[in-house]
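Coordinates in review
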Amino acid sequence: MGKPKKFNRTSLPRKQQVRIRKDVNNYVAADDDELSKQLFGTSLNLSEESGSSGESEPEHSSFDDSPGTISAAFPVAMWDVEQCDPKRCTGRKLARHNLVKLLRLGQRFGGLVLTPVGELCVSPKDRLTLIDHGAAVVDCSWAKLEETPFGRMKAGYPRLLPYLVAANPVNYGKPCKLSCVEALAAVFYICGFKDLAQSYLSKFKWGKTFITLNFELLEKYSSSSSSEEILRIQNEYLAEAEEEKLHRG
């Protein structure tokens, strides 16, 4: 697949530029607890409404059923706690096309699992674990986080995602409010499976925008050596965003 163009905010319509700047500024201004929540949220289906999915949109307008999908050579799975409409969930769509396996509550997954109970960010150091054991996400609503039985989702290697910007239509431009397919694609990309990340995203008509928006960060994350270095890259990026905000006055 061709190399995505580096994201340039000025190439976007003015309204989208303003929205992204505003959300980045809100993120860097958050206190430690809120920062932790947003980091945790990158592995979840973030919904502001308790009865709907934060990644919802009409199915016929979002899924690209074109051929040419690259299949993962390792397990890709998801726990679905049924807090959103299955017809509108990106994870469910992937499952219907045999790109994600649905897990039962109580079922153990021995690979990388994006979950709030993780303590480390996923990094290229996790590549061998991904190859040997795969990756899984939790599809739930942020509004129902306290109701989500994370204790019944046994993870071999719990992980968090670093700062990234959502491209899904509902949360476009918002920091960390990723859909399931975006979260999985981020794991693949950071661990060196860039073509696989683009393949999963290509099943959604808006999917390639995720890499376009995050290209600079994803490249830096995928070139890092550890979770600690990824956090340093993330914090430097956020510090620069804060400095830009102060300069704008």
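If you're wondering where the values come from, they're calculated on a predicted model, not measured in any experiment.

Some remarks on the nonpolar core
Membership of the largest hydrophobic core comes to 49 residues, with the highest contact counts inside it found for Leu 161, Val 187, Phe 188, Tyr 200 and Phe 210. Listing elements by their share of this core, those giving two or more residues are β1 (76–80), β3 (109–114), β5 (135–139), α5 (180–190), α6 (194–202), α7 (208–222) and α8 (227–248). In terms of residue count, α5 provides more of this core than any other element does, 10 residues in total. For Phe 210, the residues in contact, after removing those within four places along its chain, are Leu 164, Val 165, Ala 167, Leu 178, Glu 182, Ala 186, Leu 201 and Leu 218. Ranked by size, the runner-up nonpolar core spans nine residues in total, among them Ala 77, Leu 103, Phe 109 and Val 138.

Focus on the environment of Leu 120
Along the chain, Leu 120 falls in strand β4 (residues 120–121). Separated by 37 residues in the primary sequence, Leu 120 and Tyr 157 place their C-alpha atoms 9.3 Å from one another. Beyond its immediate stretch of four places on either side in the chain, Leu 120 contacts Pro 158, Arg 159, Leu 160 and Ser 227.

Overview of the sheet that holds β3
A sheet is described by the order of its strands in space; here six strands give the open sequence β2-β1-β5-β3-β6-β4, paired in parallel fashion. Either end of the sheet is taken by a strand with one partner, and the two such strands are β2 (101–103) and β4.

The rules behind each value
Residues numbered from 1 in each chain as written. Predicted model: local features only at pLDDT ≥ 70, side-chain atom pairs only at ≥ 80, totals over all residues. Heavy atoms only, no water. Core = buried A, V, L, I, M, F, W, Y, C linked by side-chain atoms within 4.5 Å. Buried < 20%, exposed > 50% of the residue type's maximum accessible area, 1.4 Å probe, protein only. Helix = DSSP H or I, 4+ residues; strand = E, 2+ residues; numbered from the N terminus. Contact = heavy atoms within 4.5 Å. Pairing = 2+ DSSP bridges.

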